[in-house]
Each structure stands twice: as structure tokens, then as C-alpha cells.
Amino acid sequence: MDLTPFNPFLERLTQTALAPWVEPLSAAVGERLGQRAHGDLVRWEAALAALPELPPGRAVLDQSGVGRHSDHPLPPEIAARLRTTLLELHPWRKGPFRLHDLQIDTEWRSDWKWDRLAHAIDPLDGRLVLDVGCGNGYHAWRMLGAGARLVMGIDPTQVFLCQFLAINRYLARDDLAVLPLGIEDLPPGLTGFDTVFSMGVLYHRRSPLDHLAELRALLRPGGQLVLETLVLDGEGPQALVPPDRYASMRNVWFIPSVEALAVWMGRLGFKDVDVVDVSRTTVEEQRPTEWMRFQSLPDHLDPADPRRTIEGHPAPVRAILIGRA
């Protein structure tokens, strides 16, 4: 894959505070898709090339089923080809998406998370936004739908990049891009975002305080961090460090209590720290579907006590906190 899909967005970035870092960003994307390309990238690119043309529809970015809607069903042969081709990009984890009458029922009801935070964050109108660990860009689309000027999503998982490109095949926007990068791939000194989202990332970092410091450095003075992560349900500043796996995940390092997380943010210089939401993750919100056929949350809870993971840890509770740089 070359840089053609990214160039219109990168050109837009040259008109922002991020202009000094556009060339290093472009070089990092080129390296990721060149020497560091996934072995299945050619197959996923073939699926993108096989996507059918669709009849006209209306772009919808501010409702749960992000995509291109129409009141008229697709012709059966086009609907079948669209479904088959998009399933080549399995697993679809974040969503839901909708293309005409095709519903992409993803593993996560990511719209529920958006509904928990949308009322509490600074308005995104005209803002330059970064979504760290954005997956296929579902929440980034919602940020754009909420009025953001430009949204840059980063996620190193290349099948998620291809899912974003598949949806954007029918939305054709150049004010949003998913770049196949981790936060560690960003150019040194990059800063200037008005709002930074980090959702579902912190507990995967071996050093969560370093991650919070990296997020703060990406913000302009007064910019806002929107942080969503697993938390330990309990009083006081404490944290769970799983000795091995958590809900079958080996890459979970720290699960702090909400109080501990707020202390961490304060110690790192965030101001106006506020807890927006604390919610237990249910098997209605995260579950396997036709579009994500691997194991999911129901497989990782104790069948005798769903308040526990199969390892005996407290079942997933997630919190959303905001703070200002």
C-alpha cells in the first residue's frame, strides 16, 4: 500500500499547528506499510479493490450506525458482494456501521461508549482531534460528526486501517484519517491537538504514567484529554496488577481504581480532572457476532459468577475521565 489514501488528509494537516510534523508522519506511515507491513495486507488490499459501487445515499456520522444510509434496499447481488467482501476484513471489533441496508454488527456497541461521554466533553466544533488506539475509526467518525475540524486516528493494527478505508470508500472524507501507527511511532515533539482521546489503551501500557505524560504532551495548553480505561471497582487509591492474564488477555498491566487514576492525572499536571462515567461492561455491549467470530467477553467471565473473570479477578468495569493540560 502506498501513501495515496493518506495524502489528502496530510495535506490538510499542513494548514494546522501540526504542519512541522507532516513529513515525519508521512515517513512513519510509509515505513509501517513497507518494511513493517502485515503479511495479510495484500489480501486485505484485494478486498478493498473488490468493493462494489453503491447507489447514492446520505452520509451519517452522528448516529449509531455510521456510514452511508438509504431508504432503498440494495439489489441482492450487490448486497451479497458487499457483505462477502467486507467479511474478508474480519474481525470487526468497533462499530456499528451501516451501508444502505447492510448492518455491520461489530463486537462492541461502541456507540454506547460515545453516548456516555458526548455530553460531558468540551464541544468538538472546529477542533483538531487525535484518537489514540482508534481501531477502525468508529469513534473518530463520531468526533467528525460532532463538528471536529480534523480528526487523526492512530492504530498499528493494519486490518483496522483497511476497515476504515472500506467505510471511507463510501464516505470519501479527507478530514479524517486512520494512520497505522502506535503512539510510540509519532514524531518527537508532536503537539498542538485541541482534544486527545485515549480509549481502551491505558491498561495495555507497561508504564501507564508514561502514557498519560505522552498524552498530555500531545495537547496544546488548555486542551482536553478524554481517557477511557478499565478500572478497579473499590474505594481508595489502589490498583490491580494481574500476575498473568486478565479476562484471557496477557497484555493487561495495571487496573487502577478511579481514585488512583485521578491522582495519577493530577500528579502529571492535568487540571479540572472529572469522572464522567463508571460502567460495568456487559455481554450485551461486548460479544461475538457474525462480524467478529472469535471469543469475546462472555467467554472470559466465570460461568458460575459473572462478576468475576475466568481467572477470578473482578469483571471489567470501565471509567471515563477528562482533564485539561
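Refer to the structure printed above.
Residues numbered from 1 in each chain as written. Predicted model: local features only at pLDDT ≥ 70, side-chain atom pairs only at ≥ 80, totals over all residues. Heavy atoms only, no water.

> Could you give an account of the overall build of the protein, naming the residues involved and the relevant values?
Per the secondary structure count, the protein includes 9 helices and 15 strands. In terms of C-alpha radius of gyration, the protein reaches 19 Å, essentially the compact-globule figure of 20 Å for 325 residues. For the protein, the C-alpha atoms occupy an extent of roughly 55 × 50 × 40 Å along the three principal directions. In the protein, buried positions account for 55% of the 325 residues. Considering only contacts in the protein between residues 6 or more positions apart, those separated by 24 or more positions represent 74%. Of the roughly 13700 Å² of accessible surface on the protein, a fraction of 51% belongs to carbon and sulfur atoms. Put simply, the protein has 34 plus and 42 minus side-chain charges, and the middle of one group is 1 Å from the middle of the other. (Helix = DSSP H or I, 4+ residues; strand = E, 2+ residues; numbered from the N terminus. Rg over C-alpha atoms; globule rule 2.2 N^0.38 Å. Buried < 20%, exposed > 50% of the residue type's maximum accessible area, 1.4 Å probe, protein only. Contact = heavy atoms within 4.5 Å. Areas by Shrake-Rupley, 256 points an atom, 1.4 Å probe, with all protein chains shown as cover. Lys, Arg positive; Asp, Glu negative; His and termini not counted. Charge placed at Lys NZ, Arg CZ, Asp CG, Glu CD.)

> Describe the pairing of strand 9 (residues 219-231), listing the residues and the values that go with them.
Counting buried positions along strand 9 yields 10 of 13 residues, so the element is predominantly enclosed. Sheet topology places strand 8 (residues 193-199) next to strand 9; 6 bridges connect them, and they run parallel. From the neighbouring strand, Phe197 faces strand 9, where its bridge partner is Val226. Tracing the backbone out of strand 8, into helix 8 (residues 208-218) and back to the parallel element strand 9 gives a crossover that is right-handed. Pairing of strand 9 with strand 15 (residues 317-324) involves 8 bridges; the strand directions are antiparallel. Bridge pairing in strand 15 links Thr229 to Ala319. (Pairing = 2+ DSSP bridges. Right-handed = clockwise from strand over helix to strand, strands pointing away.)

> Residues and numbers for the packing of helix 5 (residues 110-117) against helix 6 (residues 138-145), please.
Where helix 5 contacts helix 6, the axes come no closer than 10 Å and their chain directions differ by 40°. Classed by the angle they form, the pair helix 5 and helix 6 counts as oblique. Considering the relative orientation of helix 5 and helix 6, their crossing is right-handed. On helix 6, the residues touching Ser110, Asp111, Lys113, Trp114 and Asp115 of helix 5 are Tyr138, His139, Arg142 and Met143. For the contact of helix 5 with helix 6, a count of residues per class yields 3 nonpolar, 2 polar and 4 charged. (Axes fitted to C-alpha atoms, helices over the stretch in contact; angles between N-to-C directions. Parallel < 35°, antiparallel > 145°, perpendicular 65-115°, else oblique. Left-handed = near helix turned anticlockwise from the far one by under 90°. Nonpolar A, V, L, I, M, F, W, Y, C, P; charged D, E, K, R; others polar.)

> Which residues make up unusual backbone geometry, and what values go with them?
For the bond running from His90 to Pro91, omega is 5°, close enough to zero to count as cis. Relative to the assigned elements, Pro91 resides in the loop between helix 4 (76-87) and strand 3 (97-99). For the bond running from Gly95 to Pro96, omega is 15°, close enough to zero to count as cis. Located in the positive-phi region is Ala247, a residue other than glycine, with phi close to 50°.

> Account for the pattern of salt bridges, naming residues and giving values.
Counted under the stated rule, the structure contains 24 salt bridges. Here Arg58 makes a salt bridge to Asp71, at a shortest N to O gap of 3.4 Å. In this pair, Arg58 is assigned in strand 1 (residues 58-60) and Asp71 in the loop between strand 2 (66-69) and helix 4, connecting sequence segments 13 residues apart. In this structure, Asp272 and Arg324 form a salt bridge, with 3.5 Å as the shortest nitrogen-oxygen distance. Of this pair, Asp272 sits in strand 12 (residues 271-280) while Arg324 is found in strand 15, placing the two residues 52 residues apart along the sequence. Accessibility expressed as a relative area gives 58% for Asp272, which makes it exposed. (Salt bridge = Lys/Arg side-chain N within 4 Å of Asp/Glu carboxyl O.)

> Break down the side chain of Ser279 for me, citing the residues and quoting the values.
Assignment of secondary structure puts Ser279 in strand 12. A residue is classified by how much of its surface remains accessible, and Ser279, at 17% relative accessible area, is buried. Among the polar contacts listed, one links the side chain of Ser279 to the side chain of Asp277, at a separation of 2.6 Å. Among all residues touching Ser279, those that are not within four sequence positions of it are Arg116, Val317 and Arg318. (Polar contact = N/O pair within 3.5 Å; in protein donor to acceptor, adjacent residues only side chain to side chain.)

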